[in-house]
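# Structure at a glance
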Amino acid sequence: MGIRISVVLLLAAVPVVPAFGDDLGDTMRAWCSQAGTWRGNIDVTDAAGHTQKVSLISRHRCTPDGRLHVVEEDFVAPARSEHTLKVTYADPTISGFRTAYFARGAELPYAYRFSSVVFRDDRHWTQSITSTGEGELYEGRKALMRYTREREGDRVVSRKEVRFLDSDVDFETRSLIVQEFDGQ
């Protein structure tokens, strides 16, 4: 019930999405082109450099007007499984995107700045978003997060990269997702 109410409130607050042909609109169009089910793996790297491969099933959908991108994810690891829900919309007031993230019984809000998008067509594009200037808490430290997604036909490769604000080290990849389209 709580998720349903949060999504309704989120939808009511969503500003009008920019027209396609601009950066925010093209990014939403790219994400919405993933409608359907995707299967693959996510390699998650921890602070000590250890990587764990987890099976990942993602179901993408958008509202008919393209204002909301909704992703349900099922992570299946040898020891446990987890289900998450993300609802994202373009927010021109921050030149970026806002996401309501639901996992482990909690709702977490996130905001990301637009970084780049190259949209050739619905099956060929690359986009990147970054944390807002103040960063976010990651592994107990303030960090900038960069999320990059590239679609080539029926294959999507996504990276989550982190750059800690208390370090001179450049962005490090913390997760790599490779998925194939599995149909509607």
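See the structure shown above.
My aim in this report is to walk through the structure given alongside it, one point at a time. Each chain carries its own residue numbering, running from 1 in the written order of its sequence. In view of the model being predicted, local features appear only for residues whose pLDDT reaches at least 70, and side-chain atom pairs are presented and counted only at 80 or more, with totals across whole chains, interfaces and linings using the full set of residues. Heavy atoms throughout the structure, all of them, feed into the side-chain values; hydrogens and water do not.

Right, let's get into the overall build of the chain. The numbering of helices and of strands both runs from the N terminus, where a helix is a DSSP run of H or I of at least 4 residues and a strand a run of E of at least 2. Scanning the chain from terminus to terminus reveals two helices and 11 strands. Taken across its 184 residues, the chain has 43% of its residues classed as buried. Whether two residues are in contact is decided by their heavy atoms, any of which lying within 4.5 Å being enough. The long-range fraction of contacts in the chain, counting pairs at least 24 apart against all pairs at least 6 apart in sequence, stands at 39%. Accessible surface, the chain as shown: approximately 9800 Å² in total, 53% of it carbon and sulfur. Only protein chains enter the calculation, and the probe is 1.4 Å; a residue is then buried if its accessible area is under 20% of its type maximum, exposed if over 50%, and partly exposed in between. All accessibility values rest on the Shrake-Rupley procedure with a 1.4 Å probe; residue burial counts only the protein chains present in the view.

This part covers the state of the cysteines. Disulfide: a pair of cysteine sulfur atoms within 2.5 Å of each other. Using the criterion set out here, one finds one disulfide in the structure. Bridging Cys32 to Cys62, the disulfide has an S-S length of 2.1 Å. For the disulfide bridge between Cys32 and Cys62, the dihedral angle about the S-S bond is near -95 degrees, and by the sign convention the bridge is left-handed. One end of the pair, Cys32, is in helix H2 (residues 23–32); the other, Cys62, is in strand S2 (residues 51–62), and 30 residues separate them in sequence. Cys62 sits in the partly exposed class, given a relative accessible area of 25%.

Turning next to the packing of aromatic side chains. Pairing of aromatic rings covers Phe, Tyr and the six-membered ring of Trp, with a centre-to-centre limit of 6.5 Å; geometry is then stacked below 30 degrees between planes, edge-to-face above 60, and tilted otherwise. Using the criterion set out here, one finds six aromatic pairs in the structure. Each ring, one from Tyr138 and one from Phe164, has its centre 6.4 Å from the other, and the planes form 40 degrees; the classification is tilted. Taken together, the residues span a long stretch of sequence, with Tyr138 in strand S8 (residues 136–138) and Phe164 in strand S10 (residues 155–164) at a distance of 26 residues. Of the aromatic side chains, those joined through ring pairs into one cluster are Tyr101, Tyr110, Tyr112 and Tyr147. We call a charge positioned above a ring when the Lys NZ or Arg CZ atom is no farther than 6 Å from the ring centre and deviates by at most 35 degrees from the ring normal. Sitting above the plane of the Phe164 ring, Arg141 keeps its charged end 3.8 Å from the centroid. For the cation-ring pair, Arg146 lies above Phe171, with the distance from its terminal atom to the ring centre recorded as 4.0 Å.

We now examine the pairing of strand S11 (residues 172–183). The pairing criterion is simple: DSSP has to find at least two bridges between the two strands. One ladder, built from eight bridges, connects strand S1 (residues 36–45) with S11; its direction is antiparallel. Directly across from Ile42, in S11, lies its bridge partner Ile177. For S10 and S11, the ladder comprises eight bridges, and the chain directions are antiparallel. Among the inter-strand pairings, Glu161 is bridged to a residue of S11, identified as Thr173.

Below, the discussion takes up the nonpolar core. A general feature of soluble globular proteins is that nonpolar side chains tend to end up buried together. What makes a nonpolar core is a set of buried Ala, Val, Leu, Ile, Met, Phe, Trp, Tyr and Cys residues whose side-chain atoms join them at distances within 4.5 Å. By size, the foremost hydrophobic cluster in this structure holds 11 residues: Leu24, Met28, Ala30, Trp31, Ala90, Phe97, Tyr112, Val117, Phe119, Trp125 and Ile129. Elements represented by at least two residues in this core include exactly H2, strand S6 (106–121) and strand S7 (124–131). The element contributing the most residues to this core is H2, with four residues.

This next bit is on H2. Within an α-helix, residues lying three or four positions from one another point in the same direction, as the helix has 3.6 residues per turn. The buried fraction of H2 amounts to seven of the 10 residues, a majority that puts the element mostly inside the structure. Those residues of H2 that sit buried are Leu24, Gly25, Asp26, Thr27, Met28, Ala30 and Trp31. Residues of H2 that are buried in the fold lie against strand S3 (69–76), strand S4 (81–91), strand S5 (96–103), S6, S7 and strand S9 (141–152). With a side-chain oxygen lying 3.4 Å from the backbone nitrogen of Leu24, the N-terminal cap of H2 falls on Asp22. Under this definition, polar contacts are N or O atom pairs within 3.5 Å; protein pairs additionally need one hydrogen-donor-capable and one acceptor-capable atom, and for neighbouring residues in sequence, both atoms have to be side-chain atoms.

What follows deals with the pairing of S9. Note that S7 and S9 share seven bridges and pair antiparallel. Considered in S9, the bridge of Thr130 is made with Arg146. As paired elements, S8 and S9 share three bridges and run antiparallel to each other. Opposite Glu136, over in S9, you have Ala143 as the bridge partner.

Shape descriptors only; they carry no functional weight alone.
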